[in-house]
Every structure is written in structure tokens, then in C-alpha cells.
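Understanding the architecture of this molecule
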Amino acid sequence: MKNEPLAWYIAGPLIGLIVPALLILKEKQFGISSSYRFLLSGFTKKLGYFNYNREQDAWQFYFAIGLVLTGLFYNWNGYDLNALKTTVGSVKFYAPTSGFYDLSNWAIFLFGGVLIGFGSRYSNGCTAGHCIMGMSQFSLTSFIATIGFFIGGLFATYFIIPYLF
Amino acid sequence: MKKLINIASFILLGIYFATVLTEAQAISWYRIQEMFYFKSFHMYGLLGSAIATSALSLWIIKKFNIKSVNHNPIEVKDKPFQWKANLGGGIIFGLGWGLTGACSAPLFISLGINWKIGILLLIGALAGTYLYGILKDKLPH
């Protein structure tokens, strides 16, 4: 498998085009993390947060199905997440040379997942809804959220990851 | 039938988005680490040009009053301004992003690529969402 990523100046605009595509074709504002709320509201309505008009978020769940299917397609073609450890710079990766994506790191994935779910719902958006959609609207809300994403990410990278391996 | 086509169109858009993200390796913990170490321009170029393309598209839609395929005017709404939640939640999300290298879209993509890892991420994300549902009224927004 090839390890060179698709160049940013091609991939970036292709990513950005999802915003007008969703607006023009489907009249939807780009976002993904509301799918968590949609999924949970299918199981529980006891909490007020999950007792809402969930149909408004159903499309994000369908969109997520497309994401999973794409992952399956790559899986069938032997795609290995650990094969991406070649670095373009001089980063010292703390993960073992066998690769970060290993079940021995299950606690990182599980606990990290909790932070992703909690944080994206608390900040009312994730990298999709805030970073890409909101920033392109020049929304102060999304600018603040994006600063938060980077504060958290930098802290995890410099002060947590080095002590986990 | 109409409902089916509606669902299929979202799935197709998801496939498009996931293919670009995966080809650009934006789903990789390694690329995210390089980004947070400021050692690679790749992710910044990716995010920057995505935002620029999206912003330009929004400007064109507004300027030329472009309608949706169903001939409706396109409304772009702002999310509510809740700086404490945006910042606090943002930092918590960022911690998860930094630790796992996954944000919401890569989470679902990795569920397909490596379901054992993906299911851990998804169970965690749903647990975190549930926790937010419990704590919502007690948290500053």
C-alpha cells in the first residue's frame, strides 16, 4: 500500500466541497457528532437531552454509515492504520514501533472515545461542525471551540501521550 | 422510494468524504501527532484549504443567491454562542483527539477499517455523550 498521503492542496479543497454539496443537494449544514445523540436517543429517552426531535439528526447517522462502509472497503483492500507511521518530519512517536493501533492500547481508545463524545456534545460540534463548517462561516463560536480543540490536543500530545507508553 | 434515495444520497456523500479523508491520511494518529508537534504542514494545509474552499462556496452561494436542488433558498445558521461550553467542551474533545488521533468522522471510518479499535472508540463516544446528557444542566454553558 502506498504511504504518501494525497496532497493537502488537492484533498483540502475536496474536503471543503462537502459543505456546499450538503447545502445545495440536501439543505444540511455539515456536522457529524450529532449522530452520537441520534444513536443514543434511539435507546433512551429518559434524559431530556435525548428526548428531542431526533429526525433532524438522522441524516448524520446515514452519513456515518457511508463513513463505516468506506472503512470496510479499505479494510478489504488490506489497509493497515499502523502502516502510516512513516513520518514526514522528525517526530518521535511514543507509540511502540509495532504501531499505535493495537488492542493493548484499548484504554486509550475507550477513554479517548469518552472525551470525544462528551467534548463534542458539550462544545456543540466537532472538527466537522466547528472547524470546517463554523470557521468558514467566520463564527466566533466555532473559533473559540477550535482554539479549545487545539489546547486539548496539544496538552494530550505533550503531557499525556509521552507517559502512556 | 423517496426515503430510500434520501438515505442513499447521504451514504454516498459519506463515502465521498471518507475516501478523501482516508487518502489524505487525516484519520491517522501519526498525522495528528505531527500536526500537534508542528512538524508537518500537511494537516494545516488540509484544514486551511478545506475551510477556504468552504468559505468561498458559502460566499458564492450568498452572492449569487444559489438555491438548493429543491429550489429552496439556502440558509446557513450560526450555532448558539456559549463560550464556556465551546471552550470547555472543545478542550475535552481536543484531549480525545490528541490521545486517539480520531475525531468524529475518522472514528466511524476506523470502525470499518479496524472494528475492534473502532468499537472501543464508538462505545466510549456514546458513553461520553450519555454522560453529557446526565450532566448537561449542571455544566456552565
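Attention here is on the structure that accompanies the text. It should be emphasised that the depicted structure is a prediction, and the values quoted were computed from it without experimental measurement.

**Some words on the overall build of chain A**
Helix and strand content of chain A: seven helices and zero strands. Each helix (α) and strand (β) of chain A, taken in turn from the N terminus, gives the series α-α-α-α-α-α-α. By principal-axis analysis of the C-alpha atoms, chain A measures approximately 45 × 35 × 35 Å. Of all 165 residues assigned to chain A, the portion counted as buried reaches 55%. Taking the contacts inside chain A whose residues are at least 6 apart along the sequence as the reference set, 50% of them involve residues at least 24 apart. As displayed, chain A offers around 7200 Å² of accessible surface, 66% of which is attributable to carbon and sulfur atoms. A distance of 7 Å separates the average location of the 10 positive side-chain charges in chain A from that of its 6 negative side-chain charges.

**Some details on the overall build of chain B**
The number of helices and strands found in chain B is six helices and zero strands. Listing each helix as α and each strand as β along chain B from the N terminus yields α-α-α-α-α-α. Each principal axis of the C-alpha distribution contributes one length, and for chain B these read about 45 × 40 × 40 Å. Looking at the 141 residues of chain B, the share that counts as buried comes to 56%. Of the contacts formed within chain B by residues at least 6 apart in sequence, a portion of 41% connects residues at least 24 apart. With an accessible surface of roughly 6400 Å², chain B has 68% of that area assigned to carbon and sulfur atoms. A distance of 4 Å separates the average location of the 13 positive side-chain charges in chain B from that of its 5 negative side-chain charges.

**Things to note about the nonpolar core**
Among the nonpolar cores identified, the biggest contains 91 residues, and A:Phe30, A:Ile32, A:Phe63, A:Leu67, B:Phe17 and B:Trp97 are the most heavily contacted of them. The element that contributes the greatest number of residues to this core is helix α1 (residues 2-23) of chain B, accounting for eight residues. When neighbours within four sequence positions are excluded, A:Phe30 is seen to be in contact with A:Ile18, A:Val19, A:Leu22, A:Trp59, A:Phe63, A:Ala128, A:Gly129, A:Ile132, A:Met133 and B:Phe17.

**Thoughts on the pattern of salt bridges**
When charged atoms on two side chains of opposite charge get close, those side chains can pair. All names here are of chain B. For the coordinates displayed, the defined rule picks out one salt bridge over all chains. Here Arg31 makes a salt bridge to Glu34, at a shortest N to O gap of 2.9 Å. Here Arg31 and its partner Glu34 are both found in helix α2 (residues 29-36), three residues apart, which amounts to about one turn of the helix. Each member of the pair, Arg31 as well as Glu34, is classed as buried.

**Some points on helix α2 (residues 18-26) of chain A**
By the burial criterion, the buried members of α2(A) are A:Ile18, A:Val19, A:Pro20, A:Leu22, A:Leu23 and A:Lys26. On its buried face, α2(A) sits against α1 (8-16), α4 (58-76) and α6 (127-136) of chain A together with α1 and α3 (42-63) of chain B. Looking one or two places after α2(A), you find A:Glu27, whose phi comes out positive at around 55°.

**Some words on helix α5 (residues 106-122) of chain A**
Over its 17 residues, α5(A) extends 24 Å from the first C-alpha to the last, a length consistent with the 24 Å expected when each residue adds 1.5 Å. Taken across its 17 residues, α5(A) has 12 buried, putting it largely inside the fold. Among the residues of α5(A), those classed as buried are A:Ile108, A:Phe109, A:Gly112, A:Gly113, A:Leu115, A:Ile116, A:Gly117, A:Phe118, A:Gly119, A:Ser120, A:Arg121 and A:Tyr122. Considering only its buried residues, α5(A) is in contact with α3 (34-41) of chain A together with α4 (83-100), α5 (104-113) and α6 (115-135) of chain B. Residue A:Asn124 follows α5(A) closely and has a positive phi angle near 60°.

Conventions used here
Residues numbered from 1 in each chain as written. Chains lettered and ligands numbered in written order. Predicted model: local features only at pLDDT ≥ 70, side-chain atom pairs only at ≥ 80, totals over all residues. Heavy atoms only, no water. Helix = DSSP H or I, 4+ residues; strand = E, 2+ residues; numbered from the N terminus. Buried < 20%, exposed > 50% of the residue type's maximum accessible area, 1.4 Å probe, protein only. Contact = heavy atoms within 4.5 Å. Areas by Shrake-Rupley, 256 points an atom, 1.4 Å probe, with all protein chains shown as cover. Lys, Arg positive; Asp, Glu negative; His and termini not counted. Charge placed at Lys NZ, Arg CZ, Asp CG, Glu CD. Core = buried A, V, L, I, M, F, W, Y, C linked by side-chain atoms within 4.5 Å. Salt bridge = Lys/Arg side-chain N within 4 Å of Asp/Glu carboxyl O. Expected span 1.5 Å × (residues − 1).

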